[in-house]
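Residue-level structural notes
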Amino acid sequence: HSGLPDLRDSLAKVAVDRLGITIEVVQALFVKNRQVRGRVRIGDMVHQPIVEVEAHLPEVDLESTWNAVVASPHLQWDKAAGLQGMAIRGPGKATLSLLLPLADLKRSWFGGTLDVDQASLQPSLLETPLEQVKGRLILDPHRLTLELPSGRLRNKPVSLVVEAASQKAAAVRTITASECS
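Just so we're clear, the structure is a prediction, and the values are computed from it rather than from any experiment.

With respect to the pairing of strand E1 (residues 7-16)
Across the 10 residues that make up E1, only a small minority, zero, are buried. Judged from the eight bridges that link them, E1 and strand E2 (residues 21-30) form a sheet pairing that is antiparallel. Among the inter-strand pairings, Lys-13 is bridged to a residue of E2, identified as Glu-24. Hairpin geometry of E1 and E2 is characterised by an intervening segment of four residues between the two adjacent antiparallel strands.

Shown next as structure tokens:
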């Protein structure tokens, strides 16, 4: 897909049927990530050319993955989730699901999880980053959930839970933050 970086140095199995193609990626490189695996499928290349992607990144560079996928200037999924301008750095794990209708990329769909451990996270609404963050960011086209059971803000221990509807719905449901003793 032209809006996303290519998989490099991939080892894959390709299956072609009458209308579609399925590619099982055993191992590939994606931006700064090694050991990427997953599946790419187009079920009907003739009538409904929609690329379906399931990717598993057991050791992910959060910053490069965030910038290449969620904050891609072509797709702008960070904006759709209300996270435009967020910075994230550190190691983690990721599972990503993408639906990319080739005829109309504005109808693209994304979802997935980013598990972070000892990461730095700075949503645009914070002046200083959350450091030593441990938790999970769950994204889908309609909802965002950020669960951070531990982290530090201005060198004080904090925990944070944020749930928000998509920017289209323009409603934040819950924000809970607490300082840990």
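Still more to cover.
Here's the deal with unusual backbone geometry
The backbone of Asp-9 shows a phi angle near 45°, a positive value even though the residue is not glycine. Here Asp-9 lies in strand E1. When its relative accessible area of 65% is taken as the criterion, Asp-9 is described as exposed. Unlike most non-glycine residues, Asn-155 shows phi in positive territory, near 65°. Along the polypeptide, Asn-155 turns up in the loop between strand E9 (143-153) and strand E10 (156-165). Classification of Asn-155 by relative accessible area gives exposed; the value is 60%.

Points about the pairing of strand E3 (residues 33-44)
Strand direction decides the pairing type here: E2 and E3, joined by seven bridges, are antiparallel. Opposite Glu-24, over in E3, you have Arg-39 as the bridge partner. Summarising the sheet, E3 and strand E4 (residues 48-61) pair through seven bridges and their orientation is antiparallel. Directly across from Gly-38, in E4, lies its bridge partner Ala-55. Between the end of E3 and the start of E4, which pair antiparallel, lie three residues.

Quick word on the confidence of the model for the protein chain
Close reading of the predicted structure is inappropriate where its pLDDT is low. A residue-level look at the protein chain finds 88% of positions with pLDDT of 70 or above and a mean pLDDT of 83. Taken element by element, the predicted model of the protein chain shows its lowest mean pLDDT in strand E11 (residues 172-179) (49) and its highest in E2 (92).

Focus on the nonpolar core
Trp-66 and Val-69 are the most contacted members of the largest nonpolar core, which totals 39 residues. Secondary structure elements with two or more residues in this core: E3, E4, helix H1 (62-70), strand E6 (91-101), strand E7 (109-122), strand E8 (130-140), E9 and E10. Apart from residues lying up to four places away in sequence, Val-69 is in contact with Leu-4, Phe-30, Leu-75, Trp-77, Leu-96 and Leu-98.

Conventions used here
- Residues numbered from 1 in each chain as written.
- Predicted model: local features only at pLDDT ≥ 70, side-chain atom pairs only at ≥ 80, totals over all residues.
- Heavy atoms only, no water.
- Buried < 20%, exposed > 50% of the residue type's maximum accessible area, 1.4 Å probe, protein only.
- Helix = DSSP H or I, 4+ residues; strand = E, 2+ residues; numbered from the N terminus.
- Pairing = 2+ DSSP bridges.
- pLDDT = per-residue confidence, 0-100.
- Core = buried A, V, L, I, M, F, W, Y, C linked by side-chain atoms within 4.5 Å.
- Contact = heavy atoms within 4.5 Å.

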